[in-house]
Amino acid sequence: MAHIDDSAPKSHYICQTYIETSAGAGQHTVLKIGKQFQYSKASEAQERAEREARNDGCAGADAYVVVEDPTSGEVGAPTFLVRVGNVPEFEDF
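Residues numbered from 1 in each chain as written. Predicted model: local features only at pLDDT ≥ 70, side-chain atom pairs only at ≥ 80, totals over all residues. Heavy atoms only, no water.

Quick notes on the side chain of Glu52
We count it as follows: The secondary structure listing takes helices from DSSP runs of H or I that are at least 4 residues long and strands from runs of E that are at least 2 residues long, numbered from the N terminus. Exposure categories follow from relative accessible area, calculated using a 1.4 Å probe and restricted to protein chains: below 20% of the type maximum is buried, above 50% is exposed, and the middle band is partly exposed. What makes two residues a contact is simply this: any of their non-hydrogen atoms within 4.5 Å.
Note on placement: Glu52 falls in helix H1 (residues 42-53). A relative accessible area of 7% places Glu52 in the buried class. In this structure Glu52 touches Cys15, Thr17, Lys35, Phe37 and Cys58, once residues within four positions along its chain are discounted.

Here is the structure:
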């Protein structure tokens, strides 16, 4: 039986959607996270983001990968695979 290294970094492929909401009466709209989906392959996350961004009510979508260090639990900054539609600036992420 093969040994699985539980201390090896783990990649998480995420599709995250955004919706626009009003900040209040007479205020501008803001983006909020809508849905999140996790996949085992980058292509799956990217395809889902492109598909979700075409749906009514979805302002935009990101597909990205984050790498987790299982020994410390720390997760690195996202590396974007695709950004479709109205998405927040990376600094706002």
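Re the sheet that holds strand S2 (residues 29-39)
Selection rule: The pairing criterion is simple: DSSP has to find at least two bridges between the two strands. Every axis corresponds to a line fitted to the C-alpha atoms, with the helix fit spanning only the stretch in contact, and the corresponding angles, defined between N-to-C directions, vary from 0 to 180 degrees.
The strand order across the open sheet formed by four strands is S2-S1-S3-S4, and the pairing between neighbours is antiparallel. The sheet is open, and its two borders are formed by S2 and strand S4 (79-85), each paired with just one other strand. For this sheet, the mean angle separating the axes of adjacent strands, direction not counted, is 25 degrees. Bridging between strand S3 (residues 60-68) and S4 involves six bridges; their strand directions are antiparallel. Bridge assignment links Gly60 to a residue of S4, and that residue is Gly85. Along the sheet, H1 makes contact with strand S1 (10-22), S2, S3 and S4, crossing S1 at roughly 10 degrees.

A short note on the pattern of salt bridges
Heads up, the rule is: A carboxyl oxygen of Asp or Glu within 4 Å of a side-chain nitrogen of Lys or Arg is what we treat as a salt bridge.
Following the criterion strictly, the structure yields three salt bridges and no others. For Arg48, the salt bridge goes to Glu52, with nearest N and O atoms at 2.8 Å. With Arg48 and Glu52 both in helix H1, this residue pair falls four residues apart, about one helical turn. Like Arg48, the residue Glu52 is buried in the burial classification. With a shortest N-O distance of 2.7 Å, Arg83 and Asp62 are connected by a salt bridge. Of this pair, Arg83 sits in strand S4 while Asp62 sits in strand S3, placing them 21 residues apart in sequence. By relative accessible area, which is 32% here, Arg83 ends up partly exposed.

Notes on the nonpolar core
What counts here: Take the buried Ala, Val, Leu, Ile, Met, Phe, Trp, Tyr and Cys residues and link them wherever side-chain atoms come within 4.5 Å; each set so joined is a nonpolar core.
Formed by Tyr13, Cys15, Phe37, Tyr39, Ala45, Ala49, Ala53, Ala61, Ala63, Val65 and Val82, the largest nonpolar core amounts to eleven residues. When contributions to this core are tallied by element, the ones reaching two or more residues are S1, S2, H1 and S3. Contacts of Val82, omitting those with residues within four sequence positions, involve Gln46, Ala49, Glu50, Ala61, Asp62 and Ala63.

A word on the pairing of S3
When you tally the buried positions in S3, you get seven out of nine residues, the bulk of the element. Examined bridge by bridge, S1 and S3 share nine bridges and lie antiparallel to one another. Across the sheet, the residue bridging to Tyr18 is Gly60, located in S3.

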